[in-house]
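Descriptive analysis of the structure
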Amino acid sequence: MTAHQTAVAAGADLKWIVNSAALLGRRVRYNRQQARWWGLVWLLNEQLGLSLKSAAAISTVALRGDSSSTQVIAGADPSGSASLIVDLARYESIFLANLSRALVHETPRRRGRPPRLGLKSGLTTARHYGVDLGLIQSAIRRTPAERLALLEKNAAFVRDMRRRTA
Amino acid sequence: MSFASMLSGLTKKKVRFVVVGGVAAAAHGSSRVTNDLDICYDAEAVANIAALASLLAGWHAYPRGIDKGLPFIMDGRTLRNAPILTLTTSEGDIDVMDRIAGVGPYDAVRRHSERISALGVRFRVLDLPSLIKAKRAAGRPRDFDHLPELEALLALRK
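Residues numbered from 1 in each chain as written. Chains lettered and ligands numbered in written order. Predicted model: local features only at pLDDT ≥ 70, side-chain atom pairs only at ≥ 80, totals over all residues.

Thoughts on the overall build of chain A
Regarding its fold elements, chain A presents eight helices and two strands. Counted from the first residue to the last, chain A has its helices and strands arranged as α-α-α-α-β-β-α-α-α-α. At 24 Å, chain A has a C-alpha radius of gyration far larger than the 15 Å of a compact globule built from 166 residues. In terms of principal-axis extent, the alpha carbons of chain A reach across some 75 × 40 × 30 Å. Sorting the 166 residues of chain A into buried and exposed places 31% on the buried side. In chain A, the proportion of contacts linking residues at least 24 apart, taken out of those at least 6 apart, comes to 48%. (Helix = DSSP H or I, 4+ residues; strand = E, 2+ residues; numbered from the N terminus. Rg over C-alpha atoms; globule rule 2.2 N^0.38 Å. Buried ≥ 20, exposed ≤ 12 C-beta atoms within 10 Å, placed from the backbone. Contact = placed C-beta atoms within 7 Å.)

Given below as structure tokens:
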């Protein structure tokens, strides 16, 4: 995982993770387990206003337990009057959603300035890039309904091929 | 498992959405084959979030690329807390977003969309100029690689 993907999976700001790691004296590692931990630290620190040190300690306690538990009492006062409960099932759902986004959607961006296609006409650039303009012209002659019917057919074929080769 | 069944389910549940991404590109004439349906939904309307979440839960939605069997609750709260959800469902893969980079939230996306009839359903798709803006803003190599074809489509349609 990249640093950006770890931050997306954690649902936290990358700069915040790097700065918090420095404050806690931790080495930042960009992986799934760390993203899960940083995500909870971020929630407790930024959303609930707990100190960074407490948020880190509570997150470690909350996430080290049995993964089948749905709720964890991460902290309580000596009398038991006040306690902090982490809804692990909810947290894990949001974490998994963010992790999936990080892995599937937030693939590394292209470095540098994007190509300025506008300098040439769209057709010149496409030709230069190897796009089959004949294919595009034939697609334009079809209606959107015909184009999507073709996509549906081709997508089903690709899915079938993937299933067979899996 | 098909785009038709997902689009039909979304419209039957009266979810307010606009189709973006590869399926929108195909509707405009792109020859690229995509396997997932990308939609931008109205995240301001609580009823819309509830309708979409209930539909996705009914389709046994689960985060794509994640080991099976981990705890995942598909409801309105998860939808609200994850602005981009990449899901695999019994009906096919679907990405749901509350805003599109380069275009904006649902209202802006809807303003830049057009209504089409396809696969037995009437729905809205992001228009071609906005789709190009979105691909450019996304900034991933696969989006940039798609730009020449979309720019050519735009030029040929003029």
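So, the overall build of chain B
When helices and strands are counted, chain B shows seven helices and nine strands. Relative to the globule expectation of 15 Å for 158 residues, the C-alpha radius of gyration of chain B, 15 Å, shows essentially globular dimensions. With the C-alpha coordinates aligned to their principal axes, the bounding extent of chain B is approximately 45 × 30 × 25 Å. Among the 158 residues that make up chain B, the fraction classed as buried is 51%. Residue pairs in contact within chain B that sit at least 24 positions apart in sequence constitute 60% of those at least 6 positions apart.

Examining the interface of chain B and chain A
Taken together, the 45 residues of chain B in the interface contact 45 residues of chain A. With 12 residues, helix α7 (residues 141–157) of chain B is the largest single contributor of residues to the side of chain B that touches chain A.

Focus: helix α1 (residues 3–10) of chain A
Residues and elements named next belong to chain A. Along α1, six of the eight residues are buried, which leaves the element largely enclosed by surrounding structure. When α1 is considered as a whole, its buried residues turn out to be Gln5, Thr6, Ala7, Val8, Ala9 and Ala10. Where the residues of α1 are buried, they touch α2 (14–24), α3 (32–47) and α5 (88–105). Just downstream of α1 lies Gly11, where phi reads positive at about 70 degrees.

A closer look at the nonpolar core
Among the nonpolar cores identified, the biggest contains 87 residues, and Val19, Val20, Ile39, Cys40 and Leu52 of chain B are the most heavily contacted of them. Both of domain 1 (3–105) and domain 2 (119–165) of chain A provide at least three residues apiece to this core. Every residue in contact with Leu52 of chain B, bar those within four places of it in the chain, is listed here: Val15, Tyr41, Leu79 and Val96 of chain B. (Core = buried A, V, L, I, M, F, W, Y, C linked by C-beta atoms within 7 Å. Domains from an automatic or database assignment.)

Regarding the domain arrangement of chain A
Think of interface size as the accessible area that goes away when the parts come together; that is how it is often given. Partitioning chain A into domains gives domain 1 (3–105) and domain 2 (119–165). For domain 1 of chain A versus domain 2 of chain A, the separation of C-alpha centres amounts to 43 Å.

Some words on the packing of helix α8 (residues 144–165) of chain A against helix α2 (residues 21–28) of chain B
Where α8 of chain A meets α2 of chain B, the closest approach of the two axes is 7 Å, and the angle between their N-to-C directions is 130 degrees. Overall, the two elements α8 of chain A and α2 of chain B adopt an arrangement that is oblique. Taken as a pair, α8 of chain A and α2 of chain B cross one another with a handedness that is right-handed. For the pair α8 of chain A and α2 of chain B, contact is made by Pro144, Arg147, Leu148 and Leu151 of chain A and by Val23, Ala26 and Ala27 of chain B, respectively. For the contact of α8 of chain A with α2 of chain B, the class distribution of residues is six nonpolar, no polar and one charged. (Axes fitted to C-alpha atoms, helices over the stretch in contact; angles between N-to-C directions. Parallel < 35°, antiparallel > 145°, perpendicular 65-115°, else oblique. Left-handed = near helix turned anticlockwise from the far one by under 90°. Nonpolar A, V, L, I, M, F, W, Y, C, P; charged D, E, K, R; others polar.)

Regarding the pairing of strand β4 (residues 84–89) of chain B
All names here are of chain B. The buried fraction of β4 amounts to six of the six residues, a majority that puts the element mostly inside the structure. What you see with β4 is no split at all: Ile84, Thr86 and Thr88 on one side and Leu85, Leu87 and Thr89 on the other are buried throughout. Of the pairings in the sheet, the one linking strand β3 (residues 62–63) to β4 comprises two bridges and is antiparallel in character. Paired with Tyr62 across the strands is Thr88, a residue of β4. Alignment of β4 against strand β5 (residues 92–97), held across six bridges, turns out to be antiparallel. The residue bridging Ile84 from the neighbouring strand is Met97, located in β5. Count of turn residues in the β4/β5 antiparallel hairpin: two residues. (Pairing = 2+ DSSP bridges.)

Remarks on unusual backbone geometry
All names here are of chain B. Residue His60 is not a glycine yet carries a positive backbone phi of 55 degrees. Classification of His60 by C-beta neighbours within 10 Å gives partly exposed; the count is 13. Positive phi outside glycine occurs at Leu119, with the angle close to 55 degrees. By secondary structure assignment, the location of Leu119 is in the loop between β8 (113–118) and β9 (121–126).

Let's talk about the confidence of the model for chain B
Residues and elements named next belong to chain B. Residues at a pLDDT of 70 or more form 100% of chain B, whose mean pLDDT is 93. Mean pLDDT in chain B bottoms out at α7, which sits at 86, and peaks at strand β1 (residues 17–20), which reaches 98. Quick note on the complex model: pTM equals 0.85, ipTM equals 0.89. (pLDDT = per-residue confidence, 0-100.)

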